[in-house]
Amino acid sequence: MNKLMIWYGELLSQKSLIKRGFLFLTPGMLWLIIFLVLPGLILIVVSFATRGSYGELVWEFSFENYKRLLGYGIFGWTPDYLLILLRSVIVAIVTTALSVLLSYPLCFFIAGKPERTRYLWLTIVIIPFWTNMVIRTYAWFLILAPEMPFARIAAFFKLISPGMPLYPSAFAVYLGMISMFLPFVSLPLFSSVERLDWTLVEAAQDLYSSNVRIFMHAILPQTLPGLSVGVILTFVPAMGMFVVPDLLGGAKYMLVGNLIQQQFGTSRDWAFGAAISMGLMVLTMFSLYLYKRKSKGVDLI
């Protein structure tokens, strides 16, 4: 016997309610299947295929692309691709960590402003998003040019030769990456900072806690939801970023995003590019899993 339920003032049986819920879920599920699940499955299949003589896909399935990704080729083993993957992880971790370190004081600064000007400051933070990413990256060429103050100061301290720009370099890559992803951390983190319960901070101060303990036990647990969203929104795209390393790092600083772009572009090796993409996805998911396990240990004490 079907149970009768009230749904927004309408009397429905359990069967009718399930049917209506299924109809509401269908568009979203179809969207995910068509634009997320199917491309992922196609990518998996292509990663096991073979590149033809003219760059076409040959449907001869093997593990050669994954062996090549691990460094095994016709000339023996080489760590080149593994080093690119490792460098990509390091760049993503450093970019995320520095963005978090910069976002906390920025969010507290904005949260301390009067409410009528608070959202004006937030608007200033997101203004860079109104410009194309490539244009923003090219803007760093002007900022880091030899005649600008940054390059002159670096030349004065003998960090670079006089008349040389600060790019291409790892410093320029990190600078560009942080400028791209800082709002991705700041905006969700601000939503947590704005709702901070200051009575817990005051209680920690009354108990003569150090500033580090106040942050770890009274502030960090309260801002952890916004921080987790910001870390994910920053780390995942930073792992696959190729525009900033390509322009500001040049050929000296290749990341996995540049490697994938190269395989699908100039090299026309789609099978190997798909294998690298799968490796990137596995590496990203594993890193997020480790972050999730570590973040569970932060509790409000």
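As the structure is a computational prediction, the values presented were derived from the model and not from experiment. (Residues numbered from 1 in each chain as written. Predicted model: local features only at pLDDT ≥ 70, side-chain atom pairs only at ≥ 80, totals over all residues. Heavy atoms only, no water.)

**Considerations on the overall build of the protein**
And then number 1: Each helix and strand in the protein was counted, giving twelve helices and six strands.
And then number 2: Against the 2.2 N^0.38 benchmark of 19 Å for 301 residues, the protein shows a C-alpha radius of gyration of 25 Å, more extended than a compact globule.
And then number 3: Dimensions along the principal axes, computed over C-alpha positions, put the protein at roughly 70 × 65 × 35 Å.
And then number 4: Going through the 301 residues of the protein one by one, you find that 34% of them count as buried.
And then number 5: Looking at the protein alone, contacts between residues at least 24 apart form 61% of all its contacts between residues at least 6 apart.
And then number 6: When the accessible surface of the protein is totalled, it reaches about 19,000 Å², and 71% of it is carbon and sulfur. (Helix = DSSP H or I, 4+ residues; strand = E, 2+ residues; numbered from the N terminus. Rg over C-alpha atoms; globule rule 2.2 N^0.38 Å. Buried < 20%, exposed > 50% of the residue type's maximum accessible area, 1.4 Å probe, protein only. Contact = heavy atoms within 4.5 Å. Areas by Shrake-Rupley, 256 points an atom, 1.4 Å probe, with all protein chains shown as cover.)

**Focus: the packing of aromatic side chains**
Aromatic ring pairs are described here by two measures, namely the spacing of the ring centres and the angle between the planes.
And then number 1: Across all of its chains, the model carries 14 aromatic pairs by this definition.
And then number 2: Centroid distance W31 to F35: 4.5 Å. Interplanar angle 45 degrees. Geometry classified as tilted. Here the residue W31 and the residue F35 both occupy positions in helix α1 (residues 14-47), the gap between them amounting to four residues, near one helical turn. Each member of the pair, W31 as well as F35, carries the same accessibility label: exposed. (Phe/Tyr/Trp six-rings, centres within 6.5 Å; stacked < 30°, edge-to-face > 60°.)

**Some thoughts on the nonpolar core**
And then number 1: Residues M177, L248, V256 and I276 are the most contacted members of the largest nonpolar core, which totals 35 residues.
And then number 2: Contributions of two or more residues to this core are made by α3 (80-111), α5 (133-143), α6 (149-156), α7 (170-194), α9 (211-240), α10 (243-249), α11 (256-264) and α12 (270-295).
And then number 3: In this view, I276 contacts L69, V256, L259, I260 and Q263; residues no more than four positions away in its chain are not counted. (Core = buried A, V, L, I, M, F, W, Y, C linked by side-chain atoms within 4.5 Å.)

**Looking at the side chain of T96**
And then number 1: Here T96 is to be found in helix α3.
And then number 2: Since its relative accessible area comes to 7%, T96 is described here as buried.
And then number 3: For T96, the side chain forms a polar contact with the main-chain oxygen of A92, separated by 2.7 Å.
And then number 4: Not counting chain neighbours up to four residues away, the residues in contact with T96 comprise V231, T234 and F235. (Polar contact = N/O pair within 3.5 Å; in protein donor to acceptor, adjacent residues only side chain to side chain.)

**Observations concerning the packing of helix α4 (residues 115-126) against α7**
And then number 1: Two elements in contact, α4 and α7, have axes whose closest approach is 10 Å; the angle formed by their N-to-C orientations is 160 degrees. One way to sum up the angle between α4 and α7 is to call them roughly antiparallel. In this structure, α4 meets α7 at a crossing whose hand is left-handed. Contacts between α4 and α7 involve R118, Y119, L122, V125 and I126 from the first element and P183, S186, L187, F190 and E194 from the second.
And then number 2: Residue composition of the contact of α4 with α7, by class: seven nonpolar, one polar and two charged. (Axes fitted to C-alpha atoms, helices over the stretch in contact; angles between N-to-C directions. Parallel < 35°, antiparallel > 145°, perpendicular 65-115°, else oblique. Left-handed = near helix turned anticlockwise from the far one by under 90°. Nonpolar A, V, L, I, M, F, W, Y, C, P; charged D, E, K, R; others polar.)

**Points about the pattern of salt bridges**
Pairing between side chains becomes possible if they bear opposite charge and their charged atoms approach one another.
And then number 1: The final tally for this structure, using the stated rule, is three salt bridges.
And then number 2: One salt bridge connects K67 with E64, and the closest N-O pair in it is separated by 3.8 Å. On the criterion of helical spacing, the pair formed by K67 and E64 is a turn pair, its members being three residues apart in helix α2 (residues 64-69).
And then number 3: Residue classification places K67 among the partly exposed positions, given a relative accessible area of 41%.
And then number 4: Residue class for E64 comes out partly exposed when judged on its relative accessible area of 47%.
And then number 5: A salt bridge links E194 to R118; its shortest N-O distance comes to 3.2 Å. With a gap of 76 residues between them, E194 in helix α7 and R118 in helix α4 connect regions that are remote in the sequence.
And then number 6: Residue E194 is classed as partly exposed on the basis of its relative accessible area of 33%. (Salt bridge = Lys/Arg side-chain N within 4 Å of Asp/Glu carboxyl O.)

**Some thoughts on the layout of surface pockets**
And then number 1: Estimated volume of the largest pocket: approximately 360 Å³.
And then number 2: Taken together, 16 residues line the largest pocket, and the ones lying closest to its centre are T96, A97, V100, V231 and Y291.
And then number 3: Those elements giving two or more residues to the lining of the largest pocket turn out to be α3, α9 and α12.
And then number 4: Here the residues of the lining of the largest pocket sort into 14 nonpolar, two polar and no charged. (1 Å grid on protein atoms, 1.4 Å probe; cavity = no way out; pocket = protein on both sides within 12 Å on 5 of 7 lines; lining within 4 Å. Points joined across faces, edges and corners; volume = space filled by probe spheres on them.)

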